Amino acid sequence: MARGSLRIYLGAAPGVGKTVAMLDEAHRRLSRGTDVVVGYVETHGRAHTAVMLEGLEVLPRREVDHRGSRLTELDVAGVLARRPEVVLVDELAHTNVTPDDAASGSGTGAGAGAGHEKRWQDVEELLDAGIDVISTVNIQHLESLNDVVESITGIRQQETVPDEVVRRADQVQLVDMSPEALRRRMAHGNIYGPDKVDAALANYFRTGNLSALREIALLWLADRVDEALERYRADQGISEPWPARERVVVALTGGPGSETLLRRGARIATRASGGDLIACHVRSAEGLATTEPAVLTRLRRLAADLGAEFHDVSGHDVAEAILDHARGVNATQIVVGVSRRSRWQQILRPSIASEVADGSGEIDVHLVSHEGSRVGRRRRRAGGLPVRRVVGGLLLAVVSLAALTGLLVATREGHTLSLDLLLYLALTVACALVGGIWPALFCAVVGSLVVNWFFTEPRGTLTISDPPNALALAVFVLVAMAVSSVVNVAARRTEQAVSAERESAALAAMSRDLLAEPRPLPALLDRARGDLGMRRAVLGEVHPDGPATVVASTDPALPTGGLLPTDTTWAVDVAVDDGVHLLLDGPPVAAEDQRVVNAYAAHAAILHAREQLVRAARDAAGLARDNAARTTLLAAVSHDLRTPLSSIKAGVSTLRQAGLDLSADDEAELLESVEESADRLDALIGNLLDLSRLETGALRAHHHSVDLLDAVVSTVRTTSEPGRVDVDLEADLPLVRADLGLLDRVLANLVENALRHSGDADVRLTAGRIGSRVELRVVDRGPGVEDADKERIFAAFQRVGDSPQGDGLGLGLAVARGLTTVMGGTLVPEDTPGGGLTMVVSLPLAPTDTEEDA
C-alpha cells in the first residue's frame with residue numbers, strides 16, 4: 001500500500017489563518033470530486049472558521065474521560081474505518097489527552113491511535129494507511145526552535161513536533177501576515193476573546209515578537225527549500241549550479257586588493273535582489289600560513305560588515321579549490337582578481353584567474369583589477385636559511401670535496417666513474433641539507449670539475465674523450481642541481497612549518513589563557529616576555545606635553561602610572577595605539593618572530609582599548625547616577641511635597657480666619673485633613689531623606705525582593721480615587737527586585753496621572769512575566785499621545801498630548817522614570833488598543849536563594 005501524502009500549512013504566529021487556508025483547500029478539492037473529511041478542526045470560537053466547516057463532512061471525535069471531564073480527540077479508528085482520500089487534522093503539535101482508564105486499555109480511550117502521545121503520531125498512522133493528510137502547525141512549535149522562541153517571547157512552548165516530521169512533508173506552505181495586520185486582527189477580537197486581547201497584545205503579540213517569529217519562519221522555510229533543491233540535484237546527478245538564487249563567491253588569497261574584491265562582490269550581489277555573498281579564502285593544503293593573521297582578521301570583519309559568509313578552504317590547486325567550493329554552494333558568479341604575474345610567467349604557468357575562468361563552466365566569472373594587480377617584477381620574499389648555516393655548508397663542501405677527492409685518488413684502481421659520480425652526488429645532497437642551495441651548487445660544479453680532471457680520460461685535463469662520460473658528467477650536474485634545489489626547498493618549508501607551529505601554539509595559548517585572566521593586560525605582557533625571551537615587557541604611553549608613563553609592566557620596579565626609564569634601549573618598540581607603545585627589553589628579536597611580536601601588539605591594542613572603554617563607561621555611569629540623583633531628588637521635592645503643604649496651609653488658614661463660624665464637625669474635619677497631610681508630608685520627607693543618601697555622589701536604591709501585588713494594592717489605597725482603579729494582577733507573580741519606597745512613588749505618580757487623564761473611565765493595572773523580568777502596565781482610556789511626543793512627556797515641566805493644560809507642573813512622569821531607572825528598571829509608553837495610553841514598568845526578577853548565596 002502506497003503511503004499517503006502530507007501537506008502542512010506552517011503559520012508564522014497564532015491567528016494568521018492556517019486553519020482557514022486548510023479548510024479553503026478542502027473545499028477546493030471537494031469541488032473537484034475528492035473524498036475529503038474533517039478529522040479534527042479546532043475553531044477556537046471564531047465565527048469565520050466555523051462557517052468554513054459548512055459543506056464538509058465532519059467525522060465524530062473520540063471522547064476521553066480525563067480527571068472528571070469529558071474531552072474529545074481525533075478518532076483515528078473512525079478515520080481508518082471511513083477511509084477517505086483526504087482527512088483534515090488541525091494542530092499537528094497537539095498532545096493527546098490521556099484517558100483515566102489508559103492503564104487498563106479499556107473504555108472510550110481504547111482503539112487505534114488511543115495509545116499515541118502526540119497528534120503527529122496519529123497522523124503518521126493515517127499516512128501509513130495510505131490516507132492523505134492536511135495539517136497545520138505554528139513555527140514556535142518546532143522542536144529545534146523551542147529555545148529560540150522562548151528567548152524572544154519569554155514563553156516556552158510545551159507542545160512541540162520534531163522538525164523531521166515537518167521536513168518529511170510532501171508540501172509545506174507558509175501562511176504569513178504582517179505584524180501590524182495581525183495585531184489589528186487581534187484588537188478586533190478575531191483571534192481571542194475581548195478579555196484576553198489586552199494581555200495578548202502586551203505580551204506575546206508585541207510587534208517585535210511577531211516580526212522575529214515571521215523572520216524565523218521565512219528563514220526556516222527558505223532553508224528547507226534549499227535542502228529540497230540540493231536533494232533533487234543530487235538525486236538527478238546534476239553537478240552544474242542552478243541559478244535559483246544569485247550566489248556570488250569572492251575568491252580571496254589575502255594578497256593586495258582582497259578588500260577591493262570583497263567590496264566589488266558586495267556591489268554585484270546587491271544588484272541581484274536577495275543575492276548571497278560568500279567570501280572564500282583559499283590557503284595552501286600544506287598547512288603553512290600564507291596570509292598574515294591581522295589581514296585575515298580584517299577580511300573577516302569586512303565580510304561581516306558586508307553581510308557575507310566567510311569560508312576558509314584549503315587545496316593543493318588554488319583554482320580547483322575555488323571552483324569546487326563555488327559548485328558546492330551552488331554559486332552563480334565568481335569574483336577573482338586579475339593576475340599579478342608578468343607575461344613570461346603566465347606563459348610558463350597560467351594564472352589562477354585564467355584557470356578559474358577556463359574551468360568555470362556555467363558559472364559567470366568576473367575578473368576585477370585592483371591596486372595589487374600591476375604586472376612587474378616582484379621582490380623575492382626575504383628570509384632564507386641563517387647565514388651561519390650557509391657558511392657551514394660552504395665549509396662542508398670545501399673540506400668534503402678535498403677529503404673525498406684525496407680518498408678516491410688514493411684508491412683510483414678500486415672504483416668506476418659511476419661510483420665516483422654517486423659519491424659526489426651524495427656529498428652535494430649533504431651540502432644542500434646543511435647550507436641550502438648555494439653550497440650545494442658550489443659542490444656540484446666543483447665536484448664535476450674534479451671528476452673531469454682526476455677520473456675521466458684523458459686525466460689531468462678538462463677534455464673528455466669518451467662521449468658517454470661527457471653525458472654522465474652533464475647528467476650529474478643537472479641531477480645534483482635538481483636534487484639540491486628540492487632539498488633546499490624542503491629545508492625552507494621545514495623552517496617555515498616549525499615557525500608557523502610555534503607561532504600558532506603561542507597565539508592559541510595566549511588567546512585561551514587571556515580569557516580566564518582577571519587582569520589580561522599584565523598577563524599578556526608576561527606571556528610576551530616569556531615567549532620571546534625578554535627580560536621585561538612594558539606598555540608605555542607617550543604624552544606630548546610630559547614624560548612617558550607606564551600603562552602596564554612585568555617589572556615590579558615600573559608600577560602602573562610611573563615614569564618610563566629614559567636610559568633603556570628597547571629591543572622592540574612597536575606602536576599599538578596613538579601614543580601607546582609595546583616595549584620589550586632583551587636580546588634582538590629574530591626576523592621569523594616578528595609576526596609573533598605583531599600579534600602581541602595587536603592583542604595589547606585591543607586590551608588597552610577595552611580598559612579605556614571600561615574606565616570611560618564607569619566614569620560616565622557615575623556621572624549619570626549623579627545627574628539622575630539630583631534630578632530625581634529635586635523633581636520629587638518640588639512635585640510631591642507641594643500637595644500636602646497646600647492642604648496644610650489651606651486647613652490652618654481656614655481655622656485661623658477671623659469671623660468664620662465653624663461647627664465642631666467642620667473644625668474636626670479640617671484638623672483631620674491637616675493631620676493626614678502632615679503625616680503624608682512626614683512620610684514623604686522620611687522616604688526622600690532615606691533614599692537620597694549619596695554614596696560616591698550617586699542615588700542608591702535599597703533593593704529587596706518585593707511582592708508586586710502587595711505593593712500595587714498598598715499604593716492604590718492611597719490614591720485620590722481608589723474606586724476607579726481596577727487591579728488585575730495574577731496571584732502567582734514572581735517577586736521583583738526593587739526598592740519598595742521608590743516603587744510606591746513610581747506607582748502613585750503613574751496611577752494619579754492615569755486617573756487625571758482617563759475622564760470617567762477606570763484605570764486598569766495588569767502585570768505579567770516576560771523572560772527574566774516582570775512588566776506592570778498602567779492602562780488608561782484617555783485621548784492618548786502621538787508617537788512623536790512619547791519621549792517628551794518624560795521631560796520635566798512638560799504637559800504633552802493627553803495632559804490637560806494648567807493641571808500640575810508636568811513632573812510626575814519625569815520623577816517616575818527617574819526613580820524606575822535608579823531601581824534598574826525601565827518605563828516606556830505604549831498605545832492602548834482602542835485608544836489611550838499604557839505605561840509599562842519593567843522590573844527584574846528577584847534573585848533566587850541559590851543566586852543570592854552565589
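Whatever comes next refers back to the structure up there.
Residues numbered from 1 in each chain as written. Predicted model: local features only at pLDDT ≥ 70, side-chain atom pairs only at ≥ 80, totals over all residues. Heavy atoms only, no water.

Trainee: Tell me about the overall build of the chain, and name the residues and values.
Mentor: Summing up its helical and strand segments, the chain has 26 helices and 26 strands in all. Within the span of the chain, comprising 854 residues, buried residues form 42% of the whole. In the chain, the share of contacts with a sequence separation of at least 24, taken over all contacts with a separation of at least 6, comes to 68%. With the model as given, the accessible surface of the chain reaches about 44,400 Å², and the carbon-plus-sulfur share is 54%. (Helix = DSSP H or I, 4+ residues; strand = E, 2+ residues; numbered from the N terminus. Buried < 20%, exposed > 50% of the residue type's maximum accessible area, 1.4 Å probe, protein only. Contact = heavy atoms within 4.5 Å. Areas by Shrake-Rupley, 256 points an atom, 1.4 Å probe, with all protein chains shown as cover.)

Trainee: Explain the packing of helix α10 (residues 258–271) against helix α11 (residues 293–305) residue by residue, including any values.
Mentor: Running from N to C, α10 and α11 cross one another at 15°; their axes reach a closest spacing of 11 Å. Our classification of the angle between α10 and α11 gives roughly parallel. Regarding α10 and α11, the two cross each other, and that crossing is right-handed. Counting all contacts with α10, which are made through S258, E259, L262 and R263, the residues of α11 involved are R298, L299, L302 and A303. (Axes fitted to C-alpha atoms, helices over the stretch in contact; angles between N-to-C directions. Parallel < 35°, antiparallel > 145°, perpendicular 65-115°, else oblique. Left-handed = near helix turned anticlockwise from the far one by under 90°.)

Trainee: A description of helix α15 (residues 387–410) should follow, citing residues and the corresponding values.
Mentor: Taking 1.5 Å per residue as the helical rise, α15 with its 24 residues ought to reach 34 Å, and the 35 Å between its terminal C-alpha atoms agrees with that figure. When we look at burial in α15, the residues that qualify are G393, A397, S400, L401, L404, T405 and L408. Next to the buried residues of α15 lie α16 (417–435) and α17 (437–455). (Expected span 1.5 Å × (residues − 1).)

Trainee: Please provide a residue-by-residue account of the state of the cysteines, values included.
Mentor: For the structure shown, the criterion picks out zero disulfides. Just so you know, C431 is unpaired, no disulfide at all, and the nearest cysteine sulfur is the one on C443, 3.9 Å from it. The exposure class of C431 is buried, given its relative accessible area of 0%. (Disulfide = S-S within 2.5 Å.)

Trainee: Talk me through the environment of P722; I want residue IDs and the actual numbers.
Mentor: Here P722 lies in the loop between α23 (708–717) and β21 (725–728). By relative accessible area, which is 38% here, P722 ends up partly exposed. Taking the C-alpha atoms as reference, P722 lies 9.6 Å from V763; in sequence the two are 41 residues apart. Those residues in contact with P722 that sit more than four places away from it in its chain are V716 and R717.

Trainee: With reference to specific residues and values, describe the packing of aromatic side chains.
Mentor: Using the criterion set out here, one finds two aromatic pairs in the structure. Ring geometry for Y192 against F205: centres 5.9 Å apart, planes inclined by 85°, an arrangement best described as edge-to-face. Highlighted residues: Y192 in the loop between α7 (179–187) and α8 (194–202) and F205 in the loop between α8 and α9 (207–235), separated in sequence by 13 residues. For Y192, a relative accessible area of 30% puts it in the partly exposed group. Through a chain of ring-to-ring contacts, three or more aromatic side chains come together here, namely Y192, Y204 and F205. Above the face of the Y40 ring, R119 is positioned so that its terminal group lies 3.9 Å from the ring centre. (Phe/Tyr/Trp six-rings, centres within 6.5 Å; stacked < 30°, edge-to-face > 60°. Lys NZ or Arg CZ within 6 Å of the ring centre and 35° of its normal.)

Trainee: I'd like a rundown of the sheet that holds strand β16 (residues 572–577), residues and numbers included.
Mentor: Within a beta sheet, neighbouring strands are joined by backbone hydrogen bonds and run either parallel or antiparallel to one another. What the four strands build is an open sheet, ordered β15-β14-β17-β16; its pairing is antiparallel. A single partner strand is all that each edge strand has here, and the edge strands are β15 (549–553) and β16. Averaged over all pairs of adjacent strands, the angle between strand axes in this sheet comes to 30°, irrespective of strand direction. Two elements, β16 and strand β17 (residues 580–585), share five bridges in a ladder whose sense is antiparallel. Residue V572 lies in a different strand from β17, and its bridge partner there is L584. In the packing of helix α19 (residues 520–531) onto the sheet, the strands contacted are β14 (536–541), β15 and β17, and the crossing angle to β14 comes to about 135°. (Pairing = 2+ DSSP bridges.)

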